[in-house]
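Letter by letter, the chains look like this.
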Amino acid sequence: MTADRAIRVEGLVKRYGTMTAVDGVTFDVRRGELFGLIGPDGAGKTTLFRLLTTLLVPDAGRAEVDGFDIVRDARAIRARVGYMPGRFSLYQDLSVEENLSFFAALFGVGERDNYDLIAPIYRQLEPFRTRRAGKLSGGMKQKLALCCALIHRPSVLFLDEPTTGVDPVSRGEFWEMLARLRGEGISILAATPYMDEARRCDRVALCDSGRLLAVETPEGVVASFDGELYALSGRERYALLAAARAEAGVVACYPFGAEHHLTVDERFDPAHFRQHLAEAGFHDVELRRAEPGIEDVFMKRMHHE
Amino acid sequence: MRTLLVLLDKEFRQFFRNPFLPRVVIIFPLMIMFVIPWVTTLDVRHIDVAVVDHDRSQTSRRIVCKIAASDYFTLRGVEADYGAALRRLEAGDVDAILEIPDRFERSLAAADPEWVSIAANGVNALKGSLGGQYLAAVVGETLAELACERGETLPNAAPIVQNRYNPTLEYRYYMIPALMIMLLVMLCGFLPALNLVGEKEAGTIEQMNVTPVNRWTFALAKLIPFWLIGLVVLGLVMIVARVVYGLAPEGSPGAIFLAAALFVFTMSGLGFGVANGSSNMQQTMFVMFFFVMIFILMSGLITPVESMPRWAQGLTRVLPPRYFVDAMRALYLKGATIADLWVEYVALTLFALLFNGWAALSYRKQR
């Protein structure tokens, strides 16, 4: 079986009781692609990962990883994927090198066999080789987990929120490592709640409440934003947010960094809007046109659903 | 096979690195073996007795002297009337009253002798019933002695009881094999259960489940360490029993270890299965406590199965420790052989297969 797709998902459904965690999801990941799943907590990202890594059986639909069916060929998949769960799940009471050699042995490879693949990451861990995994810092734990997930040179790598709880510098480093792995021909599916990380992916899927809202390149996602976007700032941010939401022509208004972003429809008139806010007591507001980002597309799509 | 060794190596590293487990596995059995045999005894001693002697004859005085001299009784006083003695019983001062009727001595020679009355406080059922029996025995013995001295033979000579296998009916000897079994129930039932559910709580089992390790290998790697621990602990407590209490097994140690190994397989399989079915420590602990309570109270460890109601006796047939209890006591005290106990060995083997099969099958990598 030769597969041109690293992952192929068709109408996958998983329910927990009455709650549908994954609701008819369809997408595919090309070979050597870094694919991002972007979505808020509870969007069904982790369930999707657990389905694709053969930890769960779907209620409907089908999926293939590396050409193998996730239900029928679960064992074949386990031998060829690397999975890094959202929660640190290596043995905290084993040392860094013990964890690495343990997972290498379970996959029947020597620690040195694929050392070239993990060397750039593992080199940073080398000074702490004998330290217990539980005593590592958050960023170091993530690096170790990535090493353990890579030690058998998987063809597909699953990373569930690999950078949650990690400082911005380490996050940046981590994504650079992923870009390098993609160069090694490893296909990667990574979930993240951070929109800035989405820009580093080849393609992203926006997901919410178990469904995919869009599958696009990050640029394509941004380009798909139609209409105007404004940035609004001023004092009394919370009161301003509430006041802006009540104005005519405002579709959505949400905090964005130090400002608020406004998506609007054709009824919106900037001059009118400023005047109304001034009458309501907001004198120092600043309103300007803004460039949309992935998050803005996300907010708009969610609003349409 | 290589995978199994890798997994075992990891289990042992984790076990010895745990600051708590290795100590528990050694100290807990030693504590039990050094303390419990001294405190759990069904030998009732120092029963407080009041005597109401209406007879005041040589015979009655002889009975009172014998009570006072016995280690089983503490003579709290000779009362003038039954009412006064009863008040002391009610006050909790005495546990039993012996009332010797007037003209008791003289009536013995007659065809229709007077009756001695014994009243015992039944609040503590064990102390009350044994106290009453001991008193009756003392009276009987004294009368027999007196008859003997007069050169008469009593018409109904008391039967002579000889207790085989535990001649002095030393309760401790009965208890020590039971303690060994309890230790194996606790250690080999709880530890594997907590180990497995611990991996669930830490999330490490997720990582294991996406590896190609098959579930039989995984289950074996989880169980083998506790099989070894169980047998090492058994060896340790057998040495304590020999050195401290002078109790050496009558049967062959090999037979004991074989029975213990089968039982340890069973218990660890149960623990593993229970942990598979639960998602956290609390659930595991409560379900395990349920089984352990039933095992300890119903399998003849403390009270004999034969004295249970019929339906309960039927129920004990499905409890694995029942067979192990029978086998251990027979091996330890009676010197039975494997051939004598084939039923028990077969039953334990079946339980071991059943529980471990269930444990491995209930462990699923994919849900």
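Residues numbered from 1 in each chain as written. Chains lettered and ligands numbered in written order. Predicted model: local features only at pLDDT ≥ 70, side-chain atom pairs only at ≥ 80, totals over all residues. Heavy atoms only, no water.

A short note on the overall build of chain B
The secondary structure content of chain B amounts to 14 helices and four strands. Here the C-alpha atoms of chain B give a radius of gyration of 28 Å, more than 25% beyond the 21 Å that 2.2 N^0.38 yields for 367 residues. In terms of principal-axis extent, the alpha carbons of chain B reach across some 90 × 45 × 40 Å. A fraction of 77% describes how many contacts in chain B between residues 6 or more apart in sequence connect residues 24 or more apart. (Helix = DSSP H or I, 4+ residues; strand = E, 2+ residues; numbered from the N terminus. Rg over C-alpha atoms; globule rule 2.2 N^0.38 Å. Contact = heavy atoms within 4.5 Å.)

Some remarks on the packing of helix 10 (residues 253–277) of chain B against helix 13 (residues 320–334) of chain B
Residue and element names in this part refer to chain B. Where helix 10 contacts helix 13, the two axes come as close as 10 Å, and the packing angle between them is 165 degrees. Taken together, the axes of helix 10 and helix 13 are roughly antiparallel relative to one another. The crossing of helix 10 and helix 13 is left-handed. Contacts from Ala255, Ile256, Ala259, Ala260, Phe263 and Thr266 of helix 10 reach helix 13 at Pro320, Pro321, Phe324, Met328, Leu331 and Tyr332. (Axes fitted to C-alpha atoms, helices over the stretch in contact; angles between N-to-C directions. Parallel < 35°, antiparallel > 145°, perpendicular 65-115°, else oblique. Left-handed = near helix turned anticlockwise from the far one by under 90°.)

What to know about empty space enclosed by the protein
The tally for this structure, following the rule as stated, stands at two cavities of 30 Å³ or more. For the largest cavity, the calculated volume is near 60 Å³. Lining of the largest cavity is provided by Val81, Gly82, Tyr83, Phe103, Phe107, Cys148, Ala149 and His152 of chain A together with Gln207, Val210 and Thr211 of chain B. Broken down by element, the lining of the largest cavity gets its largest block of residues, three residues, from strand 6 (residues 81–84) of chain A. (1 Å grid on protein atoms, 1.4 Å probe; cavity = no way out; pocket = protein on both sides within 12 Å on 5 of 7 lines; lining within 4 Å. Points joined across faces, edges and corners; volume = space filled by probe spheres on them.)

Looking at the domain arrangement of chain B
How large an interface is tends to be reported as the accessible area lost when its parts come together. Assigned domains within chain B: domain 1 (2–40 + 168–362) and domain 2 (47–149). Its C-alpha centre places domain 1 of chain B at a distance of 48 Å from the equivalent point of domain 2 of chain B. (Domains from an automatic or database assignment.)

Concerning the domain arrangement of chain A
Residues and elements named next belong to chain A. If you check the domain split of chain A, you get domain 1 (5–217) and domain 2 (229–304). Here the C-alpha centre of domain 2 lies 37 Å away from the C-alpha centre of domain 1. Contact with domain 1, which involves 11 residues of that partner, is made by six residues of domain 2. Here domain 1 meets domain 2 over a buried area of about 740 Å², counting both sides, of which 84% is carbon and sulfur. The interface formed by domain 1 and domain 2 includes zero salt bridges. On the surface where domain 1 and domain 2 come into contact, there are zero residue pairs in polar contact (both at pLDDT 80 or more). When contributions to the side of domain 1 that touches domain 2 are tallied by element, the ones reaching two or more residues are helix 7 (195–198), strand 9 (203–208) and strand 10 (211–216). At three residues, the largest contribution of residues to the side of domain 1 that touches domain 2 is made by strand 9. Within the side of domain 1 that touches domain 2, the residues separate by chemical class into eight nonpolar, one polar and two charged. (Buried area = accessible area lost by both parts, 1.4 Å probe. Salt bridge = Lys/Arg side-chain N within 4 Å of Asp/Glu carboxyl O. Polar contact = N/O pair within 3.5 Å; in protein donor to acceptor, adjacent residues only side chain to side chain. Nonpolar A, V, L, I, M, F, W, Y, C, P; charged D, E, K, R; others polar.)

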